[in-house]
Amino acid sequence: MMRMVNPNFILKIPCTLLILVLLAASPRPAEAIAYCSLRDPISAIQNFFPNMTDYRSFLGAVDLNVRDHLQAELGYDMHFNEFGKHTLYLVYADETPVGLVQARTEKGDWGLDELAWALDFDLRVRDFRYQRSRSRWRQEVETQAFKNELIGKNFEELKSMLSNDGMSLISRPEHLAPEAEQLAATVIRSALKTIAVTQVVWRERLECQLAFGLNE
Amino acid sequence: MKGFWTSICIFTVALCCSGNAVSDTRWYDQFRWASEYLFRSQYLSESDLTDPGFWHTLGFEANGTFSSGQRDIATVNAQLSLWCLKNYTRRAPVFDGPSDCEWIPKNFFVDFHLRGDGKLNLRLGHPELPFGLEAPVSTNQTIRQLNTGRDLGLKLDWGFGANGTIGRWNYQTLLGRGSGIRYKNDADSYSFTGRIGNNFDYQGFLPAPGVGFSLFMAELRTGKDATSERWRVAVDGVTYHGPWGFMGQLSAGETNHRSTLNGLVEVNRLNRAGNWIGYLQWKSFNQETVAKWQRANSIILGVEGELTDILTLSAQVERELSTFAGPNQTVLDFQARFRIER
């Protein structure tokens, strides 16, 4: 049988809620996004580089400066709420560095989609795959035909595939369903973001580790 | 407190072993840091006469990787919490009474990367048991819980084991002391847990889709020189259709040579922005006794919302339809979680 609740407790609940909401509404640190939202892309690394033997992770701080740099490069604003510390993976096959892997999030149909990107040392797209997505047209943009549209392209070449506002494709490939065009544009924006963040956050440490420069 | 100091020792050893391996960067630059405060309240309709129970948590976390040359060599995950209860009826056995404070090392372990490709790691410390949905689902500091604690008798244990990712599959094992949160063990106990699944490398409130197969064998410490024998096998699965998520777990085995069959089904729904989640769970525990099968079933309705980057609110109501002992209760939970990460 339900019993009477102490009236003092009834009063405490709205007071506590009010305090919590006021606290939450106060200025917050820009780097406060949950780091547990990104998955370690170990399976993706093994998939992108079948002959890989080792990887080394580099943690880097993604902050407002990175977003400002990206907006200056693109000329338009874009979804970017992944402040905080993120990881770049430098992949080796035996003693030879073979590429870079990074996981990034994008706004999907339902919640955030997560993509893993593989880049070469010229910061050109080598491969990508979804790690998490509830977007309806995911399979359309994960086909090898669409991947081939992106593989080998650098920042400028990818940027030229998008409209001025970055929200649609300049030219939709025949193999891509019209309904999937918006998601395809999102994937390209994710590639741009991945390359730009790599340049700004990790370039110096990578060049120190690799003992050669990254080309653009 | 012995477990706490053991955790500190493991953490320190890992730092010292890796100290000279990070000459190009400061070791703490490779770490993520987090601190959090949780306020939780629980009300039991038949047990809490007037006031509900309160649970305050102050938590500190560090997660980082040490690297050398061209590879990562160890990853440290350290979660230390101060749990303080006031008038809290349903609590972990680590507490001395309904009003008590304890320092708890939660997921506190080191993964030594024995191979550079992520296929074989050695885990040492105090991790969650890799069993069923507990492996891909994060129930750490959430009021939403799965069956693991009640089904296995443990949720965390001190021990070591191998884990890794091979292609699309992830495996985890743990050989533990069978004593749970407490490191102290004055009984001849142990636990072994293993899981293989394809929802890999990630723990989330909404986990990655996939399936998993688990095994658990243990002599659990139930008191001084007293143990309870258990074994379980389980299958679990997670799938999504647009905003709807479905997950379930079925486990079977024996507790002290008596058959047991337990299950969980959950349907959840996400809003378009992804920051509000509602869920409906059905939990069922069934235990063979001398005379008949005992059954405990409950239905749980809950919601969790990220109001801001640092504040998550959650609420849950559970109605017990049948229990092994005592009256059927209605259990109300509310939690506010503040978390700041650096």
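Keep in mind that this is a model prediction, so the values were computed, not measured. (Residues numbered from 1 in each chain as written. Chains lettered and ligands numbered in written order. Predicted model: local features only at pLDDT ≥ 70, side-chain atom pairs only at ≥ 80, totals over all residues.)

**Some details on the overall build of chain B**
Quick note on the threshold: Only DSSP runs of H or I reaching four residues or more are called helices, and only runs of E reaching two or more are called strands; each is numbered from the N terminus. Radius of gyration here uses only the C-alpha atoms, and the compact-globule reference equals 2.2 Å multiplied by the residue count raised to the power 0.38. Exposure is read from a count of other C-beta atoms within 10 Å of each residue's own; the residue is exposed at 12 or fewer, buried at 20 or more and partly exposed in between. C-beta atoms are placed from the backbone. Here, residues touch in the contact sense if the C-beta positions derived from the backbone fall within 7 Å of one another.
Looking only at helices and strands, chain B has two helices and 17 strands in total. On C-alpha atoms alone, chain B measures out to a radius of gyration of 20 Å, which is about the 20 Å that the 2.2 N^0.38 rule sets for 342 residues. Overall, chain B is about 65 × 45 × 45 Å in size when its C-alpha atoms are taken along their principal axes. Sorting the 342 residues of chain B into buried and exposed places 43% on the buried side. At a minimum sequence separation of 6, the contacts of chain B that also span at least 24 residues come to 54%.

**What to know about the pairing of strand β10 (residues 210-223) of chain B**
All names here are of chain B. The condition is simple: Note: two strands are recorded as paired if DSSP finds a minimum of 2 bridges between them.
When strand β9 (residues 190-197) meets β10, the two strands line up antiparallel, connected through eight bridges. Bridge pairing in β10 links Thr193 to Phe216. Bridge analysis of β10 against strand β11 (residues 226-241) gives 13 bridges, and the strand direction is antiparallel. Within the sheet, the bridge partner assigned to Gly223 lies in β11 and is Ala226. Taken together, β10 and the strand that follows it, β11, pair antiparallel across an intervening segment of two residues, in which Asp225 is found at a positive phi of about 60°.

**A look at unusual backbone geometry**
Unlike most non-glycine residues, Leu123 of chain A shows phi in positive territory, near 55°. As for its position among the elements, Leu123 of chain A is in the loop between β4 (112-119) and β5 (125-132). Positive phi, normally seen in glycine, also occurs at Asn256 of chain B, with a value near 50°. Turning to its location among the elements, Asn256 of chain B is positioned in the loop between β12 (244-255) and β13 (258-270).

**Details of the confidence of the model for chain B**
Residues and elements named next belong to chain B. What counts, and what does not: The predictor attaches a confidence to each residue, called pLDDT, with possible values from 0 through 100.
For chain B, the mean per-residue pLDDT works out to 89, and 92% of the residues sit at or above 70. Per-residue pLDDT, averaged within each element of chain B, yields its smallest value for helix α1 (residues 2-18) (49) and its largest for β13 (97). Long-range and interchain partners of residues 14-23, a stretch whose pLDDT sits below 50, account for 17 contacts in this model, where long-range means more than four residues apart. The ipTM for the predicted assembly is 0.87, set against a pTM of 0.87.

**Some details on the packing of helix α3 (residues 64-74) of chain A against helix α7 (residues 181-210) of chain A**
Two quantities define a packed helix pair, namely the angle between the helix axes and the distance between the axes. Residue and element names in this part refer to chain A. Applicable threshold: Lines fitted to the C-alpha atoms define the axes, with helices restricted to the stretch that makes contact. Angles between their N-to-C directions range from 0 to 180 degrees. Orientation is classified from the angle alone, with under 35 degrees giving roughly parallel, over 145 giving roughly antiparallel, 65 to 115 giving roughly perpendicular, and any other angle giving oblique. Left-handed is the label given to a crossing in which the near helix is rotated counterclockwise from the far helix by less than a right angle, and right-handed is the label when the rotation is clockwise. Note on residue classes: Ala, Val, Leu, Ile, Met, Phe, Trp, Tyr, Cys and Pro are nonpolar, Asp, Glu, Lys and Arg are charged, and everything else, Gly too, is polar.
For the pair α3 and α7, interaxial distance at closest approach is 10 Å and the crossing angle is 125°. As the angle between them shows, α3 and α7 are arranged oblique. The way α3 lies across α7 gives a crossing that is right-handed. Only Leu192, Lys193, Ala196, Val197, Val200 and Val201 of α7 make contact with α3, whose side of the interface consists of Val66, His69, Leu70, Glu73 and Leu74. Here the residues of the contact of α3 with α7 sort into eight nonpolar, one polar and two charged.

**Some details on α3 of chain A**
All names here are of chain A. We apply this condition: This arc is built from the directions going out from the helix axis to the C-beta atoms.
Among all positions in α3, only Val66, Arg67 and Leu70 are buried. Along the axis of α3, the buried residues cluster in a sector spanning 100°; they form a single face. Looking at α3, the residues exposed on the side facing more than 90 degrees away from the buried face are Leu64, Asn65, Asp68 and Ala72. At its buried positions, α3 is contacted by β1 (54-62) and α7. Count one or two residues on from α3 and you reach Gly75, which has phi positive near 85°.

**Considerations on the nonpolar core**
Quick reminder of the rule: Each nonpolar core comprises buried Ala, Val, Leu, Ile, Met, Phe, Trp, Tyr and Cys residues, the members being joined through C-beta atoms within 7 Å.
In terms of nonpolar packing, the biggest core is built from 45 residues, with Ile45, Val91, Val101 and Ala191 of chain A touching the most fellow members. With 13 residues, the single largest contributor to this core is α7 of chain A. Beyond its immediate stretch of four places on either side in the chain, Ile45 of chain A contacts Met52, Tyr55, Tyr89, Val91 and Val101 of chain A. In this structure, Leu85, Leu129, Ala135 and Leu220 of chain B belong to the second largest nonpolar core, which totals 16 residues.

**Some points on α7 of chain A**
All names here are of chain A. Definition in use: Multiplying 1.5 Å by the residue count of a helix minus one yields the expected span of that helix. Throughout, bend refers to the angle between the axes fitted to the seven residues that end at a position and the seven residues that start at it.
Along its 30 residues, α7 runs just 37 Å from first to last C-alpha, ending more than 12% under the 44 Å computed at 1.5 Å per residue. Approximately 70° is the largest bend angle found in α7, and it occurs at Trp202. Phi turns positive one or two residues past the end of α7, at Ala211, with a value near 65°.

**Here we look at the sheet that holds strand β2 (residues 84-93) of chain A**
Residues and elements named next belong to chain A. One open sheet accounts for five strands, arranged β1-β2-β3-β4-β5; its pairing is antiparallel. Unpaired on one side and paired on the other, β1 and β5 mark the two borders of the sheet. Sheet twist, expressed as the average angle between the axes of neighbouring strands with direction ignored, equals 25°. As paired strands, strand β3 (residues 96-107) and β4 are joined by eight bridges and run antiparallel to one another. Bridging across to β4, Glu106 finds its partner in Asp113.

**A short note on the pairing of β4 of chain A**
Residues and elements named next belong to chain A. The element β4 is largely enclosed, with a buried count of eight among its eight residues. Neither face of β4 is open: one carries Leu112, Glu114, Ala116 and Ala118, the other Asp113, Leu115, Trp117 and Leu119, and all of them are buried. Here β3 hands over to β4 after four residues, with Gly111 in that stretch at a positive phi of 75°. Across six bridges, β4 lies against β5 in antiparallel orientation. Its bridge partner lying in β5, Ala118 is registered against Asp127. Joining the antiparallel neighbours β4 and β5 is a turn of five residues, in which Leu123 adopts a positive phi near 55°.

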